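What follows is the residue order along each chain.
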Amino acid sequence: MLAPERRSRADLVVAAGIAVAVVVALTVVWLRSDARGTTSVTAAEPPPALVTALTVPETLSPIWDSASSATTAPLVVSGAVVTADGGDVVGRDRMSGTELWRYERDLDLCGVTASWEKVVAVYRDDRGCSQVTELDGGTGERLAQRSSDADSGVTLKADGTYVASLGDRRLELWRSDLVRTVEYGRVDAPVNPKKQPRSGCTLIDVGSSSSRLSVLERCPGEVADRLTVMNPSPKDNQEPEEYGSSVLAGVDAGVEGARILGVSGETTAVYLPAGTSYGPRIGLFDGTGNAVSEYALSLRVGPDPVTSTSSSVVTWWTGSDVVSLGASDLAPRWVFPGALGPGAVMAGNLLVPVESGIAVLDLSTGAVLRTIPVARDAAAGPITTTVAGDVVLEQRGDDVVALR
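In this text, all values refer to a predicted model and were calculated from it rather than measured experimentally.

Student: Teacher, can you tell me more about the packing of aromatic side chains here?
Tutor: In this description, a pair of aromatic rings is defined by centroid distance and the angle of the planes. Following the criterion strictly, the structure yields two aromatic pairs and no others. Ring geometry for Y103 against Y123: centres 6.4 Å apart, planes inclined by 65 degrees, an arrangement best described as edge-to-face. Here Y103 is found in strand 6 (residues 99-105), whereas its partner Y123 is found in strand 8 (residues 118-125), with 20 residues between them in sequence. Grouping residues by exposure puts Y103 and Y123 together as buried.

This is the structure we're talking about:
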């Protein structure tokens, strides 16, 4: 029979020291971890699926509202209306505004968008807008996460296949699992800086489709803005694969304001601002960035235009007018004056916010069918619109208002 193992006083002291060290290490990890400043309350099940409205209502009245300063348009994801403010992202019941789920951090949001029936929330830390969290739109369950170097302010754009995060100097493109497919501009690990085609450029705008990534940039020493068309999924995410890149023709030196209006398939639509010998135009470019056609515009374009994209139409709010573009060819169809935002499709019509309420337009011609009276405290745009079943949502400044 073996004698019981005897431990000396020194053994016990060492064991106690190890235990204390483990506790201290775990405490330090906890204090420094993202989890310490995170609260996640998920829904037991997603809300019911939305039923597409078959008609546009005769009347609309406010049913609830919520602060949402981190969104630029109302987000509807897996049946929930998602609002975002401060460091909080909240999924709400579309009828009552009641919270279904909540995700909050002790960091400020840079922006929130929706894609793939998921919510993509970008938070700011000491590396810029670098911490990205993906949430299930119906339950708020945390899914993929990523972190990398980023600019201090970014614009998020989703095309259904990719989400772009655009800063002044740096662009990233993410697929549905938040894996980066493209790094463009200023790189976070310049081990081989020659992989980037240019340096020192200011990034202006971005648009993408499943087959093309288009970027507008302003580079030192060039007389006008440059359009670069790339592969959204190159072999090496740190080495952009260009299909074509050239300075925009017919744009005077020093004239700013060019914007990407949309990318459909291999076609990119760009707003070209007026110069000394040219008026404002919409230019269409092919998959290699070559100009194929132009459409003259006889309207005023403000400093902060807004574009809305659906499966049937692309609408561009110029600051005072809505221009309808074909969803597949991006060619202009018609212009509607006196708008406060780009509008949204409901029951085969386009709902456009106007001073007196919401104008119901024929989607193919832009003709006004009727106007639904809606009272607003302020009549300044942009007002962006999203439809959730029979509920119409408007983003007015930093607030989302639900109407039914």
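Student: Just checking my understanding: could you explain unusual backbone geometry for this structure?
Tutor: Most of the time, phi is negative for any residue but glycine, and the peptide bond is trans. Phi at S78 takes a positive value of approximately 50 degrees, unusual for a residue other than glycine. As for its position among the elements, S78 is in the loop between strand 3 (75-77) and strand 4 (80-85). A relative accessible area of 24% means that S78 is categorised as partly exposed. At E117, a residue that is not glycine, the phi angle is positive and equals roughly 60 degrees. Residue E117 is classed as partly exposed on the basis of its relative accessible area, which comes to 48%.

Student: Quick question: what am I supposed to make of the sheet that holds strand 13 (residues 170-174) here?
Tutor: Sheet strands associate in pairs through backbone hydrogen bonding, adopting either a parallel or an antiparallel arrangement. What the four strands build is an open sheet, ordered 11-12-13-14; its pairing is antiparallel. If you trace the sheet from one side to the other, it starts and ends with strand 11 (155-158) and strand 14 (180-185), each paired once. Averaged over all pairs of adjacent strands, the angle between strand axes in this sheet comes to 15 degrees, irrespective of strand direction. Here four bridges tie strand 11 to strand 12 (residues 163-166), and the two strands are oriented antiparallel to one another. Each residue of the ladder has a partner; that of A158, found in strand 12, is V163.

Student: Before we go on, may I ask you to explain the pairing of strand 23 (residues 306-309) in this structure?
Tutor: For a regular strand, side chains alternate in direction, first toward one face of the sheet and then toward the other. Bridge count for strand 23 against strand 24 (residues 313-317) is four bridges, and the pairing is antiparallel. By the bridge assignment, T309 is partnered in strand 24 with V314. The antiparallel hairpin formed by strand 23 and strand 24 contains three residues in its connecting segment.

Student: Sorry, what's going on with the environment of G357 here?
Tutor: Locating G357 in the fold gives a position in strand 29 (residues 357-362). With relative accessibility at 0%, the residue G357 sits in the buried group. Each residue touching G357, except ones within four places of it in the same chain, is listed here: V352, I372, P373, V374 and R376.

Student: Sorry, what's going on with the sheet that holds strand 28 (residues 349-354) here?
Tutor: Here we have four strands laid out as an open sheet, ordered 27-28-29-30, and antiparallel in their pairing. Of all the strands in the sheet, just strand 27 (344-346) and strand 30 (368-373) have a single pairing partner and so form its edges. Between one strand and the next, the sheet's axes are offset by a mean angle of 35 degrees, whatever the strand orientation. Note: strand 28 against strand 29, six bridges, orientation antiparallel. Opposite L350, over in strand 29, you have L361 as the bridge partner.

Procedures and definitions
- Residues numbered from 1 in each chain as written.
- Predicted model: local features only at pLDDT ≥ 70, side-chain atom pairs only at ≥ 80, totals over all residues.
- Heavy atoms only, no water.
- Phe/Tyr/Trp six-rings, centres within 6.5 Å; stacked < 30°, edge-to-face > 60°.
- Helix = DSSP H or I, 4+ residues; strand = E, 2+ residues; numbered from the N terminus.
- Buried < 20%, exposed > 50% of the residue type's maximum accessible area, 1.4 Å probe, protein only.
- Pairing = 2+ DSSP bridges.
- Axes fitted to C-alpha atoms, helices over the stretch in contact; angles between N-to-C directions.
- Contact = heavy atoms within 4.5 Å.

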